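Chain by chain, the residues:
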Amino acid sequence: MAPDLSSQPLQLPLLSLFLCRADGSVGQTGPAGASREHSPAHTDAVTSVAALQPDLCVSGGRDKSVAVSSWRSGAALRRFTGHEREVTKVTSALDSNRVFSASRDKTVMMWELHGTSGPSQHFPGHDLVVTGLAVSPDASLLCTGSRDNTVCKWDTETGECLGRAAISRNLLCRENFMEAWCQREPLGHCAPEQAQLKAGYSSPDNNKPRSTKVTHLCWVPGEPYVIQTSEDKTIRVWDSRELQVAHTFPAKQHIQTCCDVSQDGRYCLSSSSGSAGHGAEATGCEHEQGQGK
């Protein structure tokens with residue numbers, strides 16, 4: 001059982017990686033489930049972390065770098081530089097030697113674990129910050145998503161863009177627009193029309209489309225499917241072969257910020273944003289049938 005931390009102050013330095021095993025069975029020196037703080041992996045905040053190999057993880061940071069570290073020792077083994085702005089996402093096909101990173105500089109780069117410190121491949125093409133990154137199990141294909149409302153598919157060997165799909169923005173939702181509008185300011189600071197909106201009245205702009213900006217991507221193990229979350233509060237399943245949406249889950253109550261898939265490819269877990277004590281939750285779905293659990 002994890003220790004009771006309710007009465008203890010939580011102090012998490014931004015620059016360090018905290019790694020733990022739920023059962024506390026591997027390399028734990030403290031109570032089961034306790035986290036272990038390692039030396040800083042970056043000179044600024046860590047923005048993304050992903051598994052690389054059984055003993056290794058990869059991280060990206062606001063310092064524009066990508067680091068490969070041993071979660072056992074905490075040692076940073078490799079550092080890759082080349083992005084012009086902060087790294088937003090990192091990923092890798094498990095047990096491969098290829099690392100991928102997305103950035104606010106609108107590009108994605110591929111790095112070889114045993115290669116030089118520079119990128120081995122570039123993937124330019126998005127118009128805004130890249131916020132989604134998913135690589136096929138054999139590391140031959142890469143899917144990227146962006147705040148420009150598009151998803152792209154790439155050949156990792158050649159860097160060629162094999163397809164580009166725009167996410168439909170013809171989705172109208174009064175409730176979603178109301179929530180986005182009202183979260184800008186507290187009720188007491190709202191203009192009259194904003195105060196009405198927060199109180200539940202209709203808005204003259206209630207026909208505005210929901211934002212479809214991509215927030216995360218993940219590849220379904222052993223399948224040609226990619227799961228995508230976005231700011232329109234939906235989860236989509238893309239068929240990477242034709243780069244078409246194969247299924248869309250019913251919209252959630254809050255913006256979906258991240259997603260992952262079980263190793264057997266059956267279940268999808270997504271997390272959401274929240275405010276005022278609502279949201280900030282995780283939802284499990286059986287992606288083959290599209291039913292929340």
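This section reports on the structure supplied with the text. (Residues numbered from 1 in each chain as written. Predicted model: local features only at pLDDT ≥ 70, side-chain atom pairs only at ≥ 80, totals over all residues. Heavy atoms only, no water.)

## Focus: the overall build of the chain
Condition: Secondary structure elements follow DSSP: runs of H or I of four or more residues count as helices, runs of E of two or more count as strands, with numbering from the N terminus. We call a residue buried when its accessible area falls under 20% of the maximum for its residue type, exposed when it is over 50%, and partly exposed in between, using a 1.4 Å probe and counting protein chains only. Residue contacts are defined here by distance: any two heavy atoms, one from each residue, within 4.5 Å place the two residues in contact. Values of accessible area rely on a 1.4 Å probe in the Shrake-Rupley scheme; residue burial ignores everything except the protein chains shown.
Regarding its fold elements, the chain presents two helices and 24 strands. A buried classification covers 45% of the 293 residues belonging to the chain. Here the analysis covers contacts within the chain between residues at least 6 apart in sequence; of these, 41% occur between residues at least 24 apart. Only carbon and sulfur atoms are counted for the fraction: they give 50% of the accessible area of the chain, which is about 15000 Å².

## Considering the pairing of strand β20 (residues 267–272)
Side-chain direction in a regular strand flips from residue to residue, so the side chains alternate between the two faces of the sheet. Convention followed: What makes two strands pair is DSSP finding at least two bridges between them.
Here β20 shows a buried face lined by C268, S270 and S272 and an unburied face lined by Y267, L269 and S271. Pairing between strand β19 (residues 256–261) and β20: five bridges, direction antiparallel. Looking at β20, one finds that C258 is bridged to S271. Counted between consecutive antiparallel strands, the loop separating β19 from β20 contains five residues, among which G265 sits at a positive phi close to 75°. Relative to strand β23 (residues 282–286), β20 runs antiparallel, the two sharing five bridges. Within the sheet, the bridge partner assigned to C268 lies in β23 and is C285.

## A look at the packing of aromatic side chains
In plain terms, the rule: Two rings belonging to Phe, Tyr or Trp (six-membered ring only in the last case) form a pair when the distance between their centres is within 6.5 Å. Interplanar angles under 30 degrees mark stacking, angles over 60 mark edge-to-face geometry, and anything in between is tilted.
Taken as a whole and judged by the stated rule, the model has three aromatic pairs. Relative to W111, the ring of F80 has its centre 5.3 Å away and its plane inclined at 25°; by these criteria the two rings are stacked. Of the two residues, F80 is situated in strand β6 (residues 76–81) and W111 in strand β9 (residues 108–112); the sequence distance between them amounts to 31 residues. When the centroid spacing of 6.5 Å and the interplanar angle of 45° are considered together, the rings of F100 and F123 count as tilted. Pair noted here: F100 is in strand β8 (residues 98–103) and F123 is in strand β10 (residues 121–123), with a separation of 23 residues, a long-range link. Comparing F100 with F123, the two get one shared label, buried. Here the aromatic residues F100, F123 and W154 are joined through ring pairs into a cluster of three or more.

## Some details on the sheet that holds β9
Here is the rule we go by: What counts as an axis is a line fitted to C-alpha atoms, over the stretch in contact for a helix, and the angles between N-to-C directions run from 0 to 180 degrees.
What the four strands build is an open sheet, ordered β7-β8-β9-β10; its pairing is antiparallel. Two strands close off the open sheet at either side, each with one partner strand: β7 (87–91) and β10. Geometrically, the sheet is characterised by an average inter-axis angle of 20° between neighbouring strands, direction not taken into account. Two elements, β9 and β10, share three bridges in a ladder whose sense is antiparallel. Bridge pairing in β10 places M109 opposite H122.

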